[in-house]
Amino acid sequence: MRVFFLVAASFLSFSCISQSAGEQDLLQAIAFFESEAGVKFSYDPEILGLIDQKFDTKNTDLPSFIETVENSLPFTFDQVNEQYYAISLAQTEFHLIVVDSTTSEAIPPLMGSVLLVNGLPVPAATQSSDEWRFSYKPSMRDSVDVYVPGYGRRPITFRQLLNSKHLTLPLSLITLHLKRVIIEDYLTSGINMNPASQSISIHTADLPLLPGETDGDLFASLAALPGITTPDNRAGNLFIRGSSTDQSLILFDNIPIYHRGHYFGTISPYNPKVVEEVKVYRNGYHPRMGGRVGGAVEIQSDQQPALHPKTGLGTNSLYAMGYTKVPLAGKKVGVSLGARRSYPYTFSSPKLRAISQMVFAASALADSAGRVRENIDVLFEDYNGRVTFQPNRKNELYFTSIFTRSKTEIATDVPEENQVKNLGFNFQWKYAMTQKATSSLSVTVSDYEYAYLIGMAIQNPTPGVSGGYSLNGIKDYSIQEEVDIQLPHANSLQTGIDYQFQQTYYNYSLTNPRDTVPVVLSNQAEAQSFSPFVNFEWNSLKKLYAQIGVRATYYDLTNNLQVTPRLFVNYYPHQALTLKGSLGWYRQYLSQVKNLEFSSGGFDNELWLLASTDDNIISGTQAMVGGVVSANSWIFDLEGYYKTANNVTYHSDKRFYNNRGIYLTADHVMYGVDFFIKKQVNESVAIWAGYSWSQSKVAMDSALDVTYDSKFSQPNVFYLGGLVERGRWKMSAGWRLNSGLTSRSLDMIQAENLFLEESSRRQSGGRPGGGTSLTNPFDALPYRYPAVHMLDISASYTIPPTEERRLSATFGVSLINAYNQVNLTDIVTRKGNPAPRLKERNAIQFAPNLMVMIEW
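Bear in mind that the values here come from a model prediction, so they are computed numbers and not experimental data.

Chemist: Break down the overall build of the protein chain for me, with residues and values.
Modeler: Within the protein chain, the regular secondary structure consists of 9 helices and 48 strands. Here the protein chain holds 856 residues, and 51% of them are scored as buried. In the protein chain, of all internal contacts separated by at least 6 residues, the share reaching a separation of at least 24 is 64%. If you sum the accessible surface of the protein chain, you get close to 37700 Å²; carbon and sulfur atoms cover 58% of it.

Here it is as structure tokens:
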């Protein structure tokens, strides 16, 4: 064994000596000549580390080495003195040939062909019929693209430009790959539409300023898209075409997230600086995903290691934040970390106070005049970590972690505490089995918990003493394996299996001075599901693309097997026109109980439960037809949809959890039309408008012939927005006008029925004060609350980095509800004697915000 180690050590030493004296990369060659020739070089190791070319230092002297580098690469050596050289990027003449990716034949520079640097055309001459010549000094901060009519746009990477002055770039015909056609800048730059997958993607690095937002809040960005609303004006309460928040799937690097957002859903729990892309599905989604009957939102953090270290620190009037991204091991490993944390509530800003007034209005924390108490302590925080490892071209490994927490404490005679937290981990391994087949393995853990405490601990429920405790949790473990196979004629096949283990639990106790026996309830349920899936992408015809898939799920808790097919079709009659349609069936086994306050206080805290019978499994369908036109800087998008969600669970008694209430089921029907229009006036100015008409109905199983308007139904939603970018300045504004919510929702009808029962008992003498009638406070309610409208404005100024200074800074200001319109969101009932009290909840009023972000 000792001999083996000696031989191995000798071999490694010989290899290192051989390499140091022969073929070496650029950084090694520079170190060699610094040692051998006694000179010093000044350079950027991050840039020189991207050079792939090897250099023969054994048979080359220093002048020859410098000449070789300058002739083959875009660098210049400036001799400062006899012993000191400065290496920098140089203005270089590049030679470019673009070829057809299918035939490998050169494509001549056709009429309309252009070379773009940062979106602007640069001069390019043709030395021959096939070759382009252009002069350019490479910069890591530039984007360089080639555009050829019929072939679309293709980027030239910074690394490609560094490694050769003679480039060959393959381009693909759009007509051969129509499924890859992307409608760029759908809303603004950074927001693109993929008609094939019928998804909208948001690239956070390219996302400009949106009205009312300077911090890049991801959920606020989603609410700007047609068909997505936040009826109660909380960014986290996303309704995708009428589907309630629990009916839409939220994934962060495959980790299911059950936390709607910080501070009761008003702030999204994701640091935008560690997110690379967000994909939104409004019309159903790929069979690899399941468990929801509404839409889906996929949030993806960085997929590639950073080219160079980057760090940022920022602050605004709500929280402080920071992030760092570091490449390691020759840029094969990337580490990304992010953190955000709120300030102590004693330093509450005008925006936080405006949010608090909206959140706590009509709750137990508001006095009779609607003013919110100041003895509140609010904390929210989130932390993200991501490690990417790419050992070679065939393997990619990723590890992600996320932790979010929101906590509210109220200091009164009977103290209250409210906390929501979500912890998740994901490991993913992508492996290229062959040139046409890839495998993806994903292992995920998610742990969610909601807890509420008032006046006592659960271990000591005491009769006659007010207090309560609510705890609801979800543990979610999943393993998914998928194989993607590229087939002839641009077709592809994805197949795999998804295993999921879920556990839900709750504990509940409540006492008040009138109770002789405390209410104590608890439950725990576990379920496994096995879901094989297959999806075929058919792209053989030039003008037609179809995606046909199916997902089968066996749910062991009820011994239930469901098969849910899905179909997506796109037809391209013209390069500027896409006709689209989709039809799919979906199932949901984990959902929230509607019409229920799981704890007291008037907060949004519906109970998560697993389906315990087949009648509690939500079954849904989604259908959509529409078309999109993109031409001459105009975008027109029109979609009509029809959706159902059957067997949605409701609670029967007074919105408060107790041992008298029972669970009921209801069927939901949603249908409508979304229209969107955008005009890119010029490179600096864009304007857009959207209108949605929708209906959302609820039918209870006890009265199938009677339907009610959904509580959060808004039949008319109109939005008008614009963006101006001038140099370092960005400004945006958006005005919205929406129908008010209905006052005749199921929970208000139930509250009125309970009041009428109580009034009847009083009139019959069954209660104190018998023989007297009570005035019905519900008679004064309109069928629908007044329309809501507000104007949001944002502006930012950026100081960009330079070659000499890597530091950049962005300063921003935003105004939500700039003209301070008082908008009534809804009216809720609170206990009263003898009649219930009706309390108003208003939308957020004037809320200014300041932001500073420093990056280097």
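Chemist: Now, about the pattern of salt bridges: what can you tell me, with residues and values included?
Modeler: Overall, the coordinates contain 26 salt bridges when judged by the stated rule. Put simply, Arg241, Arg282, Lys580, Asp637, Glu639 and Asp674 are held in one network by salt bridges that share partners.

Chemist: I'd love a proper account of the packing of aromatic side chains, names of residues and values included.
Modeler: As enumerated under the stated definition, the model contains 25 aromatic pairs in all. Between Trp634 and Phe636, the aromatic rings sit 5.6 Å apart at their centres with planes inclined by 10°, giving stacked as the arrangement. A network of ring pairs unites the aromatic residues Phe32, Phe33, Phe41, Phe55, Phe65, Phe77 and Tyr85 as a single cluster. Over the ring of Tyr319 we find Arg340, and its NZ or CZ is 4.8 Å from the ring centre.

Chemist: Could you give an account of helix α4 (residues 62-72), with specific residues and numbers?
Modeler: Inspection of α4 places Leu62, Phe65, Ile66 and Val69 among the buried residues, and these make up the whole buried set. Burial along α4 is one-sided: seen end-on, the buried residues are contained in an arc of 95°. In α4, those exposed residues whose orientation departs by more than 90 degrees from the buried face are Pro63 and Asn71. Close packing links the buried residues of α4 with α2 (26-37), β2 (40-42), β3 (55-56), β4 (75-81) and β5 (84-89).

Chemist: Before we move on, could you go through the sheet that holds strand β18 (residues 249-252) and cite the residues and values that matter?
Modeler: In spatial order, the strands read β14-β15-β20-β21-β18-β19; together these 6 strands make up an open sheet with mixed pairing. A strand with exactly one partner marks an edge of an open sheet, and here the two such strands are β14 (191-194) and β19 (255-256). Where β18 and strand β21 (residues 296-301) come together, 4 bridges link them in parallel fashion. Counted as the bridge partner of Leu249 is Ala296 from β21.

Chemist: I'd like a description of the packing of α2 against α4, backed by residues and values.
Modeler: Two quantities define a packed helix pair, namely the angle between the axes and the distance from one axis to the other. Two numbers describe how α2 lies on α4: the axes approach to 11 Å, and their chain directions differ by 155°. Here α2 lies roughly antiparallel to α4, going by the angle between them. In this structure, the crossing between α2 and α4 has a hand that is left-handed. Contacts between α2 and α4 involve Leu26, Ala29, Ile30, Phe33 and Ala37 from the former and Leu62, Phe65 and Val69 from the latter. When its residues are assigned to classes, the contact of α2 with α4 shows 8 nonpolar, no polar and no charged.

Chemist: I'd love a proper account of the environment of Gly314, names of residues and values included.
Modeler: One can find Gly314 in strand β22 (residues 310-316). Between the alpha carbons of Gly314 and Asp215 there is a distance of 9.3 Å; along the sequence they are 99 residues apart. In contact with Gly314, not counting residues within four places along its chain, are Ala320, Met321, Val852 and Met853.

Chemist: An account of the nonpolar core is requested, with residue identities and associated values reported.
Modeler: In terms of nonpolar packing, the biggest core is built from 59 residues, with Leu187, Leu222, Leu225, Tyr270, Val278, Ile299 and Ile844 touching the most fellow members. Examining the composition of this core, we find that 6 residues originate from one element, helix α8 (residues 350-360), more than from any other. If sequence neighbours within four positions are ignored, Ile299 has contacts with Leu218, Ile250, Leu251, Phe252, Asp253, Tyr270, Val275, Glu277 and Val278.

Chemist: Just give me the short version of the side chain of Glu277, but keep the residues and values in it.
Modeler: Examined against the element boundaries, Glu277 turns out to sit in strand β20 (residues 275-281). Nearest to the buried, unbridged Glu277 among oppositely charged side chains is Lys279, at 4.7 Å. What Glu277 contacts, discounting residues up to four positions off in sequence, is Ser201, Ile202, His203, Glu298, Ile299 and Gln300.

Chemist: Account for unusual backbone geometry, naming residues and giving values.
Modeler: The backbone of Asp253 sits at a positive phi, close to 50°, despite the residue not being glycine. Its place among the elements puts Asp253 in the loop between β18 and β19. Asp253 gets classed as buried once you look at its relative accessible area, which sits at 7%. Of note in this structure, Ala490 is not a glycine but carries a positive phi near 65°. Considering the arrangement of structural elements, one finds Ala490 in the loop between β29 (467-486) and β30 (492-511). Residue classification places Ala490 among the partly exposed residues on the basis of a relative accessible area of 23%.

Chemist: Which residues make up the pairing of β29, and what are the values?
Modeler: Bridge count between strand β28 (residues 437-454) and β29: 18 bridges; the pairing is antiparallel. For Tyr452, the partnering residue across the bridge sits in β29 and is Ser470. In terms of strand pairing, β29 meets β30 through 20 bridges, oriented antiparallel. When the bridges of β30 are listed, Asn472 appears paired with Tyr506.

Chemist: Break down α8 for me, citing the residues and quoting the values.
Modeler: The element α8 is largely enclosed, with a buried count of 8 among its 11 residues. Of the positions making up α8, those classed as buried are Lys351, Leu352, Ala354, Ile355, Ser356, Met358, Val359 and Phe360. Contacts made by the buried residues of α8 are with α7 (262-265), β25 (376-389), β26 (395-410), β45 (808-816), β47 (837-842) and β48 (847-855). At the exit of α8 stands Ala362, carrying a positive phi of roughly 70°.

Chemist: For the sheet that holds β5, give the residues involved together with the corresponding values.
Modeler: The 3 strands are arranged β2-β5-β4 in an open sheet whose pairing can be described as mixed. The open sheet has two edge strands, β2 and β4, and neither has a second partner. Averaged over all neighbouring strand pairs, the angle between strand axes comes to 25°, with direction disregarded. Here β4 runs beside β5; their pairing, made up of 6 bridges, is antiparallel. Bridge assignment links Asn81 to a residue of β5, and that residue is Tyr84. Docked against the sheet, α4 engages β2, β4 and β5, running at close to 140° with respect to β4.

Chemist: Please set out the confidence of the model for the protein chain residue by residue, giving values where relevant.
Modeler: Mean pLDDT over the protein chain: 84, with 87% of residues reaching 70 or higher. Confidence scores differ between elements of the protein chain, with helix α1 (residues 2-20) showing the lowest mean pLDDT of 40 and β19 the highest of 96. Every residue in residues 1-21 scores below 50 in pLDDT, and together they form 6 contacts with partners more than four places removed in sequence or on other chains. Scored below 50 in pLDDT, residues 175-180 shows 19 contacts in the model against residues more than four places distant or in partner chains.

Reading the values: the criteria
- Residues numbered from 1 in each chain as written.
- Predicted model: local features only at pLDDT ≥ 70, side-chain atom pairs only at ≥ 80, totals over all residues.
- Heavy atoms only, no water.
- Helix = DSSP H or I, 4+ residues; strand = E, 2+ residues; numbered from the N terminus.
- Buried < 20%, exposed > 50% of the residue type's maximum accessible area, 1.4 Å probe, protein only.
- Contact = heavy atoms within 4.5 Å.
- Areas by Shrake-Rupley, 256 points an atom, 1.4 Å probe, with all protein chains shown as cover.
- Salt bridge = Lys/Arg side-chain N within 4 Å of Asp/Glu carboxyl O.
- Phe/Tyr/Trp six-rings, centres within 6.5 Å; stacked < 30°, edge-to-face > 60°.
- Lys NZ or Arg CZ within 6 Å of the ring centre and 35° of its normal.
- Arc of directions from axis to C-beta.
- Pairing = 2+ DSSP bridges.
- Axes fitted to C-alpha atoms, helices over the stretch in contact; angles between N-to-C directions.
- Parallel < 35°, antiparallel > 145°, perpendicular 65-115°, else oblique.
- Left-handed = near helix turned anticlockwise from the far one by under 90°.
- Nonpolar A, V, L, I, M, F, W, Y, C, P; charged D, E, K, R; others polar.
- Core = buried A, V, L, I, M, F, W, Y, C linked by side-chain atoms within 4.5 Å.
- Lys, Arg positive; Asp, Glu negative; His and termini not counted.
- pLDDT = per-residue confidence, 0-100.

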